[in-house]
Amino acid sequence: GAGVSQTPSNKVTEKGKYVELRCDPISGHTALYWYRQSLGQGPEFLIYFQGTGAADDSGLPNDRFFAVRPEGSVSTLKIQRTERGDSAVYLCASSLTAGSLDTQYFGPGTRLTVL
Amino acid sequence: EDQVTQSPEALRLQEGESSSLNCSYTVSGLRGLFWYRQDPGKGPEFLFTLYSAGEEKEKERLKATLTKKESFLHITAPKPEDSATYLCAVKPNNNNDMRFGAGTRLTVKP
């Protein structure tokens with residue numbers, strides 16, 4: 001079956017611009033996670049959704065970052081007033097439920113470059 | 001604070017040369033430890049979940065083991081296609097997100 005998909009695969013923007021990154025989870029998965037991965041590092045948790053609601057947004061670095069999942073499926077990560085330090089690969093993962101040991105399956109990521 | 005440390009940072013092996021990767025962790029109660037493989041430009045690919053000390057899981061040339069303080073990923077007779085970054089992650093008792101280590105970059109030369 002189809003895995004997690006993310007669009008765009010690459011995004012280049014200028015400092016101060018607004019960007020939206022999209023994640024399409026595996027069909028039927030109720031939990032959705034966003035991570036950020038910098039070069040040479042492991043993924044760093046940003047936010048996770050159970051259904052439509054953000055169950056934990058403690059990893060969002062500041063109020064320029066926001067994510068939504070209005071219908072409990074597709075999610076959009078929104079970054080306002082982008083900064084060069086926001087450059088990274090943004091990964092999305094989904095799991096069947098938010099159960100403690102449900103496996104998270106990752107998408108290919110969106111590489112964001114802020115010039 | 002929950003921490004995951006992987007060693008070595010990079011490992012170069014000859015084809016057929018077995019070795020082990022280490023993942024040391026400190027967490028406030030471990031619900032699960034996860035191993036992922038990540039190829040360049042791709043997202044992490046799930047390999048194993050370990051739940052309790054003493055548990056072992058195998059898949060092809062890979063075997064993962066778990067103690068109360070660390071996990072090992074043993075690679076037996078590796079092939080060039082095993083070249084990738086191997087990521088370890090833990091799920092603490094108090095939340096649903098995973099805490100990742102920085103990974104071990106494995107290169108297997110033919």
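Residues numbered from 1 in each chain as written. Chains lettered and ligands numbered in written order. Predicted model: local features only at pLDDT ≥ 70, side-chain atom pairs only at ≥ 80, totals over all residues. Heavy atoms only, no water.

Engineer: Help me understand unusual backbone geometry, please; the structure alone is not making it clear to me.
Structural biologist: Among all residues except glycine, the phi angle is most often negative; among peptide bonds, the trans geometry is most common. Thr 7 of chain A connects to Pro 8 of chain A through a cis peptide bond whose omega is -10°. Between Ser 7 of chain B and Pro 8 of chain B the backbone carries a cis peptide bond, its omega angle lying at -10°. The phi angle at Arg 81 of chain A is positive, at roughly 45°, despite the residue not being glycine. Mapped onto the secondary structure, Arg 81 of chain A falls in the loop between strand E8 (75-79) and strand E9 (88-95). Unlike most non-glycine residues, Glu 60 of chain B shows phi in positive territory, near 55°. Following the sequence through the fold, Glu 60 of chain B ends up in the loop between strand E6 (56-59) and strand E7 (62-66). (Helix = DSSP H or I, 4+ residues; strand = E, 2+ residues; numbered from the N terminus.)

Engineer: Which parts of the structure should I look at to understand the pattern of salt bridges?
Structural biologist: Where side chains of opposite charge bring their charged atoms close, a pairing between them can arise. All names here are of chain B. Applying the stated criterion across every chain yields a total of 9 salt bridges over all chains. When the shortest N-O distance is used, the salt bridge between Lys 57 and Glu 55 registers 3.8 Å. With its nearest N and O atoms 2.8 Å apart, the salt bridge here joins Arg 99 to Asp 97. Residue class for Arg 99 comes out partly exposed when judged on its relative accessible area of 28%. We classify Asp 97 as buried; its relative accessible area is 2%. (Salt bridge = Lys/Arg side-chain N within 4 Å of Asp/Glu carboxyl O. Buried < 20%, exposed > 50% of the residue type's maximum accessible area, 1.4 Å probe, protein only.)

Engineer: Quick question: what am I supposed to make of the sheet that holds strand E7 (residues 65-68) of chain A here?
Structural biologist: Two orientations exist for strands paired in a sheet by backbone hydrogen bonds: parallel and antiparallel. Residue and element names in this part refer to chain A. Taken together, the 4 strands give an open sheet; going across it, the order is E1-E3-E8-E7, and neighbouring strands pair in antiparallel fashion. Of all the strands in the sheet, just strand E1 (5-7) and E7 have a single pairing partner and so form its edges. Along the sheet, successive strands turn relative to each other by an average axial angle of 15°, direction set aside. Summarising the sheet, E7 and E8 pair through 4 bridges and their orientation is antiparallel. From the neighbouring strand, Val 68 faces E8, where its bridge partner is Thr 76. (Pairing = 2+ DSSP bridges. Axes fitted to C-alpha atoms, helices over the stretch in contact; angles between N-to-C directions.)

Engineer: Is there a simple way to explain the packing of aromatic side chains in this structure?
Structural biologist: How two aromatic rings sit relative to each other is given by the distance of their centres and the angle of their planes. Taken as a whole and judged by the stated rule, the model has 10 aromatic pairs over all chains. A ring pair is formed by Tyr 35 of chain A and Phe 106 of chain A, whose centres lie 5.4 Å apart and whose planes are at 50°; its orientation type is tilted. Of the two residues, Tyr 35 of chain A sits in strand E4 (residues 31-37) while Phe 106 of chain A sits in strand E10 (residues 105-106), which places them 71 residues apart along the sequence. When the centroid spacing of 6.3 Å and the interplanar angle of 70° are considered together, the rings of Tyr 105 of chain A and Phe 46 of chain B count as edge-to-face. With one member in each of two chains, Tyr 105 of chain A in strand E10 and Phe 46 of chain B in strand E5 (residues 45-50) form a pair that bridges those chains. What links up through ring pairs into an aromatic cluster is the set Tyr 33, Tyr 35, Phe 45, Tyr 48, Tyr 105 and Phe 106 of chain A together with Tyr 36, Phe 46 and Phe 100 of chain B. (Phe/Tyr/Trp six-rings, centres within 6.5 Å; stacked < 30°, edge-to-face > 60°.)

Engineer: What exactly am I supposed to notice about the interface of chain A and chain B here?
Structural biologist: Bring the parts together and some accessible area is lost; that lost area is often taken as the interface size. Each partner contributes to the interface: chain A provides 22 residues, whereas chain B provides 21 residues. Taken together, both faces of the contact between chain A and chain B bury some 1,600 Å²; the carbon and sulfur share is 55%. Counting across the chain A and chain B interface gives 0 salt bridges. Where chain A packs against chain B, one counts 3 residue pairs in polar contact (both at pLDDT 80 or more). Residue assignment for the side of chain A that touches chain B shows that the elements contributing at least two residues are E4, strand E5 (44-50) and E10 of chain A. Among the elements that make up the side of chain A that touches chain B, the one with the highest residue count is E4 of chain A (3 residues). (Contact = heavy atoms within 4.5 Å. Buried area = accessible area lost by both parts, 1.4 Å probe. Polar contact = N/O pair within 3.5 Å; in protein donor to acceptor, adjacent residues only side chain to side chain.)

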